[in-house]
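In case you want the letters, here they are:
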Amino acid sequence: MSRPSKVRIVEVGPRDGLQNEPRTVPVAQRIGLIDALSQAGLSSIEAGSFVSPRAVPQMADTDQVLRGIAYAPGARYPVLVPNAIGMRNAIAAGAREVAVFLSATESFSQRNINCSIEDSLERAAEVAAMVVPHGIRVRGYVSCVLGCPYEGAVPVAAVVRVAERLQALGCYEISLGDTIGVGTPQQAQDMVRAVAQVVPVERLALHFHDTYGQALANVLACLETGVSVVDSAAGGLGGCPYAAGASGNLATEDLLYMLEGLGVETGVSMARLLDAVALIAGELEIAPRSKVFAARYERI
């Protein structure tokens, strides 16, 4: 299968990125980041997470974020929900798209959300049932698809099973996550091809962390399978608190630079994206973790 001519970038910085940064960003600044990303042309932006603020203080007041952002026409602003309580809060805040998450390994599931894979599937099923009367879309995440910090190598069959179950629950899209960033291109491509045997490739997305510097190479290899949705975080925000040494997400600007070089359409403005990166980097008082920002920002 030839690589797609158009890719939809799912910007995860305001949720998956910020929740794994040690510094908490106030609501107003989170809204400002999301609005800046919208102005850059990103049409799918994770706005936050309805988890316990005691567990993830960086995601407190996501309801205020949802009520404060300037909704761009046709854009999506999904929020992560771990269970029925989170789903009720998301509904009350007016969310139009939510995401549920599962692990491909039992050990990571227990350490991350304190329950088994089967229990997490039951929680996801409860969420999926609750969205029906409200017309809310559900996206699914599978973590540890290319490696687990506790179990090491992950059998492809385990990833396939979880992805298939998420599809059965009604997830319109399933994002395959290399949570600790250990995958390599051939491994990533083989995994996607295996999952695509049970979930149509047009319903799959990629979510690669860059711990070993392989994220872009992995995306390129998987584009050859026909996948046309890629998750990334502005400035390479984030990491994984459950995986020692795991660095942040693939930087959106690095992904965009590669896609532009391939002639792949995204609808995203590099100049405006880099402005958004500078905005959040200043708020966090960190240097953006991307090659493109270091090379180009002062020149644009």
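Structure: see above.
> Talk me through the pairing of strand β8 (residues 204-208); I want residue IDs and the actual numbers.
With five of five residues buried, β8 lies mostly within the body of the structure. Of the two faces of β8, both are covered, the one formed by L204, L206 and F208 as well as the one formed by A205 and H207. Where strand β7 (residues 173-178) meets β8, five bridges bridge the pair, whose relative direction is parallel. Each residue of the ladder has a partner; that of D178, found in β8, is F208.

> Could you give me a rundown of empty space enclosed by the protein, with the residues and numbers involved?
If you walk through the whole model with that rule in mind, you get one cavity of 30 Å³ or more. Estimates place the volume of the largest cavity at around 70 Å³. The wall of the largest cavity is formed by V81, P82, V100, F101, I113, S120, R123, A124 and V127. Put simply, the parts of the chain that give the lining of the largest cavity at least two residues each are β5 (97-103) and α6 (117-131). Examining the composition of the lining of the largest cavity, we find that four residues originate from one element, α6, more than from any other.

> Quick rundown of the sheet that holds β7? Include the residues and the values.
Pairing within the open sheet is parallel, and its nine strands lie in the order β2-β1-β9-β8-β7-β6-β5-β4-β3. Because the sheet does not close on itself, it has two edges, and the strands there are β2 (44-45) and β3 (48-49). By the bridge criterion, four bridges tie strand β1 (residues 8-11) to strand β9 (residues 229-232) in an arrangement that is parallel. In the sheet register, I9 faces β9, and the bridge partner there is V230. Against the sheet, helix α9 (residues 215-223) contacts β7, β8 and β9, and its axis sits at roughly 165° relative to β8. The strands touched by helix α10 (residues 252-261) within the sheet are β1 and β9, with β1 carrying the most contacts at an inclination of about 175°.

> Please set out the side chain of T225 residue by residue, giving values where relevant.
Its place among the elements puts T225 in the loop between α9 and β9. Judged by its relative accessible area of 7%, T225 is buried. At a separation of 2.6 Å, a polar atom in the side chain of T225 contacts the main-chain carbonyl oxygen of C222.

> So, the packing of helix α4 (residues 84-92) against α6: which residues are in play, and what are the values?
For any two helices packed against each other, the geometry is given by the interaxial angle and the distance between the axes. Where α4 meets α6, the closest approach of the two axes is 9 Å, and the angle between their N-to-C directions is 25°. As the angle between them shows, α4 and α6 are arranged roughly parallel. For the crossing formed where α4 meets α6, the hand is right-handed. Mapping the contact onto sequence places A84, M87, R88 and I91 in α4 and E126, V127, M130 and V131 in α6. The class makeup of the residues in the contact of α4 with α6 is six nonpolar, no polar and two charged.

> So what about a negative patch on the surface? Which residues, and what values?
A cluster of acidic residues, E106, D119, E122 and E151, forms a negative patch at the surface. Secondary-structure assignment places E151 in the loop between β6 (137-143) and α7 (156-169).

> Requested: an account of the layout of surface pockets, with residues and values cited.
Each pocket or cavity is described by its volume, and for the largest pocket that value is around 1000 Å³. Taken together, 45 residues line the largest pocket, and the ones lying closest to its centre are Q19, V51, V56, L80 and F101. Tallied by class, residues from the lining of the largest pocket come to 20 nonpolar, 19 polar and six charged. If you trace the second largest pocket, you find 15 residues lining it, with D210, A251, D254, R289 and S290 closest to the centre. Per-element tally for the lining of the second largest pocket: the top contributor is α10, with three residues.

Analysis parameters
Residues numbered from 1 in each chain as written. Predicted model: local features only at pLDDT ≥ 70, side-chain atom pairs only at ≥ 80, totals over all residues. Heavy atoms only, no water. Buried < 20%, exposed > 50% of the residue type's maximum accessible area, 1.4 Å probe, protein only. Helix = DSSP H or I, 4+ residues; strand = E, 2+ residues; numbered from the N terminus. Pairing = 2+ DSSP bridges. 1 Å grid on protein atoms, 1.4 Å probe; cavity = no way out; pocket = protein on both sides within 12 Å on 5 of 7 lines; lining within 4 Å. Points joined across faces, edges and corners; volume = space filled by probe spheres on them. Contact = heavy atoms within 4.5 Å. Axes fitted to C-alpha atoms, helices over the stretch in contact; angles between N-to-C directions. Polar contact = N/O pair within 3.5 Å; in protein donor to acceptor, adjacent residues only side chain to side chain. Parallel < 35°, antiparallel > 145°, perpendicular 65-115°, else oblique. Left-handed = near helix turned anticlockwise from the far one by under 90°. Nonpolar A, V, L, I, M, F, W, Y, C, P; charged D, E, K, R; others polar. Patch = residues over 30% accessible without salt bridge, like charges linked within 9 Å, V, L, I, M, F, W, Y side chains within 5 Å. Areas by Shrake-Rupley, 256 points an atom, 1.4 Å probe, with all protein chains shown as cover. Salt bridge = Lys/Arg side-chain N within 4 Å of Asp/Glu carboxyl O. Lys, Arg positive; Asp, Glu negative; His and termini not counted. Charge placed at Lys NZ, Arg CZ, Asp CG, Glu CD.

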